[in-house]
Amino acid sequence: MPPIHSIMSRVREMRESGREIFSMAQAVPWYDPPQEAVEHMKQEMIGKGFHFYSPDPGLMSTRVALSREIANRRGINLNPASELHLTCGASQAFASALMSVADPGDRVIVLEPYYFDHVFAIQFSNLELDSIPMVESSEWCLPWSKLEEKIPGAKALVLVNPGNPTGAALSEQDIRRIVSLTAENDCMLIIDETYERFNFGGSKHHPWMEHNQEHVLTIGSFSKSFSLSGWRLGYLFGADYILEQALKVQDSVVICPSTPGQILLEKCLDLNEWVENRSAEVEHRLHLCKEAMKQSKGLEWREAGGGFFTLAETPAGIDSYALADHLINKYAIATIPGDAFGNTGKQHLRFSFGCLGDEELVPAMSALASVDLTDITL
Ligand SMILES: Cc1ncc(COP(=O)(O)O)c(C=O)c1O
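**Student:** Lay out the sheet that holds strand S14 (residues 348–352) with the relevant residues and their values.
**Tutor:** Read across the sheet, three strands follow the order S11-S14-S13 without closing on themselves; strand pairing throughout is antiparallel. Each edge of the open sheet carries a strand with a single partner, namely strand S11 (309–313) and strand S13 (336–337). Of the pairings in the sheet, the one linking S11 to S14 comprises five bridges and is antiparallel in character. By the bridge assignment, Leu311 is partnered in S14 with Arg350.

Quick look at the structure:
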């Protein structure tokens, strides 16, 4: 069962019963979408077509706006007619990407600790899951020798950059190396950049900036950057002949992403500085969380170069589900148990620092600093 569902139901129940709970569990930003974009959408509501299907890959005007934004900010030139789809979130973009490139029985590599929804999609697509543990030190790093050993013969490698749940952000050198390793071995590289706007320490280099890019599929989301998670909006870009296959999945599963959402998004895409400010605020939260965790007893901070999370180490021998329960009951802090991210996640908890509202920051951080896991038995 999806772990987020049960944890967030618990958070809702506890809040309804009057308890204050600091949710550091699901990555839902504390901020609302840009107000001026919402106002613009309200005006558009009376217009013709607002409530109807858009073309399968999204409104052309929104695809043009997104491809322009990607070109201006990242220097990647896409043909909006054939190389870019708007999707129902990064989640559907991932399922479309996977089904477009892999057939039942094909081997697909993920790095562990993994984003569990990727694993669920690999499993329900009848693909062979090959989960390679990352190297853990003060941060989470790529396991190069294992990658070199396993990439030959694999149909696809899935990367999340910056990482969920690890917060690891790839360097330019890492990206170059992974692009050539996958290209040399005829392995698709599916890169999930849901957190690309929250990149603090890693490079902004992207696989499409490399010479060989035919084998790269990029997926992204507007759930975090513009806080549009309820509108279910993301994107997929890559080679046109692969996107042609992806369109079959898109049409049969969702037809198109939400039309009102695309109208809202189009306005958001002009507001680059707005997102940069949100990213700076998330980074501020990262520092507060790191300081608080250092004061706690028993939680070991893991460096995050981007994204919303740290996957902190916890004392040996304590089950992560029991520990997450203990933290919510005793300290009112909701987290995700590390076991949800695979074996490598054991003895860890994922903390999302990108969810806490301004008024929650002080009490949440003092609750976190007061955590004491010495001598507990669960
Ligand atoms: C790595 C990653 N990919 C995809 C998603 C889902 O994004 P969306 O809301 O766009 O479907 C998330 C959400 O937390 C995520 O962390």
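**Student:** With reference to specific residues and values, describe the site of the ligand.
**Tutor:** If you check the shell around the ligand, you find 13 residues, and the closest are Gly89, Ala90, Ser91, Ser221 and Ser223. Its residues assigned to classes, the shell around the ligand shows four nonpolar, eight polar and one charged.

**Student:** Explain the pairing of strand S3 (residues 107–112) to me, and be specific about the residues and the numbers.
**Tutor:** Counting buried residues along S3, five of its six residues qualify, which places the element largely inside the surrounding structure. Sheet analysis places S3 next to strand S4 (residues 128–133), joined by six bridges and oriented parallel. Across the sheet, Arg107 pairs through a bridge with Glu128, a residue of S4. Tracing the backbone out of S3, into helix H5 (residues 116–124) and back to the parallel element S4 gives a crossover that is right-handed.

**Student:** Could you give me a rundown of the domain arrangement of the protein chain, with the residues and numbers involved?
**Tutor:** Segmentation of the protein chain into domains returns domain 1 (3–27 + 273–369) and domain 2 (53–270). Listed per partner, the contact involves 25 residues of domain 1 and 28 residues of domain 2. Put simply, the parts of the chain that give the side of domain 1 that touches domain 2 at least two residues each are helix H10 (272–295) and S11. Among the elements that line the side of domain 1 that touches domain 2, the one with the most residues is H10, at five residues. Broken down by class, the residue content of the side of domain 1 that touches domain 2 amounts to 11 nonpolar, 10 polar and four charged.

**Student:** Go over the packing of helix H4 (residues 89–101) against H5, please, and point to the residues and values.
**Tutor:** Two quantities define a packed helix pair, namely the angle between the helix axes and the distance between the axes. Two elements in contact, H4 and H5, have axes separated by 10 Å at closest approach and are oriented at 35 degrees. Between H4 and H5 the crossing geometry is right-handed. Of the residues in H5, those in contact with Ser91, Phe94, Ala95 and Leu98 of H4 are Asp117, His118, Ala121 and Ile122. Of the residues that constitute the contact of H4 with H5, the class distribution is five nonpolar, two polar and one charged.

**Student:** Talk me through unusual backbone geometry; I want residue IDs and the actual numbers.
**Tutor:** Following Glu112, the chain continues into Pro113 via a peptide bond in cis, with omega recorded as 5 degrees. Mapped onto the fold, Pro113 is located in the loop between S3 and H5. Cis geometry is adopted by the peptide bond preceding Pro165, which originates at Asn164 and carries an omega value of 15 degrees. Relative to the elements of secondary structure, Pro165 occurs in the loop between strand S7 (156–160) and helix H7 (172–184).

**Student:** Go over the sheet that holds strand S10 (residues 234–237) with me, naming the residues and quoting the values.
**Tutor:** Spatially, the seven strands line up as an open sheet ordered S2-S10-S9-S8-S7-S3-S4, and their pairing is mixed. The open sheet has two free edges, formed respectively by strand S2 (84–87) and S4, since each of these has just one partner strand. When strand polarity is set aside, the average angle formed by the axes of neighbouring strands in this sheet is 20 degrees. Of the strands in this sheet, S2 and S10 touch helix H3 (residues 60–74), which is tilted by about 115 degrees from S2.

Thresholds applied
Residues numbered from 1 in each chain as written. Predicted model: local features only at pLDDT ≥ 70, side-chain atom pairs only at ≥ 80, totals over all residues. Pairing = 2+ DSSP bridges. Helix = DSSP H or I, 4+ residues; strand = E, 2+ residues; numbered from the N terminus. Near = placed C-beta within 6 Å. Nonpolar A, V, L, I, M, F, W, Y, C, P; charged D, E, K, R; others polar. Buried ≥ 20, exposed ≤ 12 C-beta atoms within 10 Å, placed from the backbone. Right-handed = clockwise from strand over helix to strand, strands pointing away. Domains from an automatic or database assignment. Contact = placed C-beta atoms within 7 Å. Axes fitted to C-alpha atoms, helices over the stretch in contact; angles between N-to-C directions. Left-handed = near helix turned anticlockwise from the far one by under 90°.

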